[in-house]
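Take a look at the letters that make up each chain.
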Amino acid sequence: MGPLLRTVELFYDVLSPYSWLGFEVLCRYQNIWNINLQLRPSLIGGIMKDSGSLSAMRFLTAVSLEHPEMLEKVSRELWMRVWSRDEDITQPQSILAAAEKAGMSAEQAQGLLEKISTPKVKNQLKETTEAACRYGAFGLPITVAHVDGQTHMIFGSDRMELLAFLLGEKWMGPVPPAVNARL
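Residues numbered from 1 in each chain as written. Predicted model: local features only at pLDDT ≥ 70, side-chain atom pairs only at ≥ 80, totals over all residues. Heavy atoms only, no water.

Observations concerning the packing of helix α4 (residues 71–84) against helix α5 (residues 92–101)
- Following both chains from N to C, one finds α4 and α5 inclined at 125°, their axes separated by 8 Å at the closest point. Relative to α5, α4 is oriented oblique. Like other packed secondary-structure pairs, α4 and α5 cross with a definite hand, here right-handed. Facing Val 74, Glu 77, Leu 78 and Arg 81 of α4, the residues of α5 in contact are Ser 94, Ile 95, Ala 97, Ala 98, Ala 99 and Lys 101.
- In terms of residue class, the contact of α4 with α5 is made up of 6 nonpolar, 1 polar and 3 charged. (Axes fitted to C-alpha atoms, helices over the stretch in contact; angles between N-to-C directions. Helix = DSSP H or I, 4+ residues; strand = E, 2+ residues; numbered from the N terminus. Parallel < 35°, antiparallel > 145°, perpendicular 65-115°, else oblique. Left-handed = near helix turned anticlockwise from the far one by under 90°. Contact = heavy atoms within 4.5 Å. Nonpolar A, V, L, I, M, F, W, Y, C, P; charged D, E, K, R; others polar.)

The following block contains the structure:
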């Protein structure tokens, strides 16, 4: 029997390419390491003022609240738009296009976009960003591992081998040679 399921939280913003690296690595390792990966969209602007990703991160917060099963795909598509194709993710049409490319219906995406200014979404993003700050965030990404009753905050995407050590797992590089690892 393998190790017990441990919880790992990733606080991220799609405006951060380093968040993207950490996101992809943790998505690949979540089944290998038997971790409960909790994706926590956060506003880097709440930590580092004037980042410019408010609409995208509110949209991801709405996705997290209403369609959490889509959060990984929509997050990845927003990163692809801004960091691989140099496309704007601050405009509503770009956010909608990302959501649809990730597999959401146009109606679902539009419904979520209409909710980004609601108190529920605004408050959730604010609460998540404040949680990251309480853990000691001074930028993003941060990964928070809850292991054996202790909480460990790791800053950056270049410390996954440290996370593996904390979890008692083997680090096999950013692309593990496993059948069930996703790209």
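What to know about the side chain of Ser 19
- Within the secondary structure layout, Ser 19 lies in helix α1 (residues 17–29).
- Excluding residues within four positions of it along the chain, Ser 19 makes contact with Tyr 12, Asp 13, Trp 79, Leu 140 and Pro 141.

What about the pairing of strand β3 (residues 142–147)?
- With respect to burial, β3 is a largely interior element, 5 of its 6 residues being buried.
- As paired elements, strand β1 (residues 6–12) and β3 share 5 bridges and run antiparallel to each other. Bridge pairing in β3 places Glu 9 opposite Val 144.
- Pairing geometry for β3 and strand β4 (residues 150–155), over 6 bridges, is antiparallel. Bridging from a neighbouring strand, Val 144 pairs with Met 153 of β4.
- What sits between β3 and β4 in their antiparallel hairpin is a turn of 2 residues, with Asp 148 showing a positive phi close to 50°. (Buried < 20%, exposed > 50% of the residue type's maximum accessible area, 1.4 Å probe, protein only. Pairing = 2+ DSSP bridges.)

Focus: helix α3 (residues 54–66)
- Counted at 1.5 Å a residue, the expected span for α3 with its 13 residues is 18 Å, and the 18 Å between its end C-alpha atoms agrees.
- Of all the positions in α3, only Ala 56, Met 57, Arg 58, Phe 59, Leu 60, Thr 61, Ala 62 and Val 63 are classed as buried.
- Those residues of α3 that are buried lie in contact with β1, β2 (35–41), α4, α5, α6 (106–113) and α7 (119–134). (Expected span 1.5 Å × (residues − 1).)

Section: the packing of α3 against α7
- Direction vectors running N to C along α3 and α7 enclose 100°, while the axes themselves pass 9 Å from each other. Relative to α7, the element α3 lies roughly perpendicular. Here Leu 54, Met 57, Arg 58, Thr 61, Ala 62 and Leu 65 of α3 come into contact with α7, specifically with Lys 120, Val 121, Lys 122, Gln 124 and Leu 125.
- In the contact of α3 with α7, the residues fall into 6 nonpolar, 2 polar and 3 charged.

Considering the UniProt feature "active site" (unreviewed entry) in the chain
- Under the UniProt annotation, "active site" (unreviewed entry) lies at Ser 16.
- For Ser 16, the location among the structural elements is in the loop between β1 and α1.
- Apart from the residues lying within four places of it in its own chain, the contact partners of Ser 16 are Ile 44, Trp 79, Trp 83, Leu 140 and Pro 141. (UniProt positions renumbered as here; feature names shortened; annotations may be inferred.)

Brief notes about the side chain of Ser 75
- Within the fold, Ser 75 resides in helix α4.
- Overall, Ser 75 belongs to the buried group, its relative accessible area being 0%.
- A polar contact is formed between the side chain of Ser 75 and the backbone oxygen of Leu 71, at a distance of 2.8 Å. (Polar contact = N/O pair within 3.5 Å; in protein donor to acceptor, adjacent residues only side chain to side chain.)

So, α6
- Within α6 the residues assigned to the buried category are Ala 109, Leu 112 and Leu 113. Angularly, the buried residues of α6 cover 100° about the axis, an arc narrow enough to put them on a single face.
- Those residues of α6 that are buried are in contact with α3 and α5. (Arc of directions from axis to C-beta.)

Here's the deal with the nonpolar core
- In terms of nonpolar packing, the biggest core is built from 47 residues, with Tyr 12, Val 14, Phe 59, Met 104 and Leu 163 touching the most fellow members.
- Setting aside anything within four residues of it in sequence, one finds Val 14 in contact with Ala 56, Met 57, Leu 60, Ser 75, Leu 78, Trp 79, Val 82, Trp 83 and Ile 89.
- Judged by nonpolar contacts, the second largest core, of 9 residues, contains Ile 47, Ala 131, Ala 132 and Val 144. (Core = buried A, V, L, I, M, F, W, Y, C linked by side-chain atoms within 4.5 Å.)

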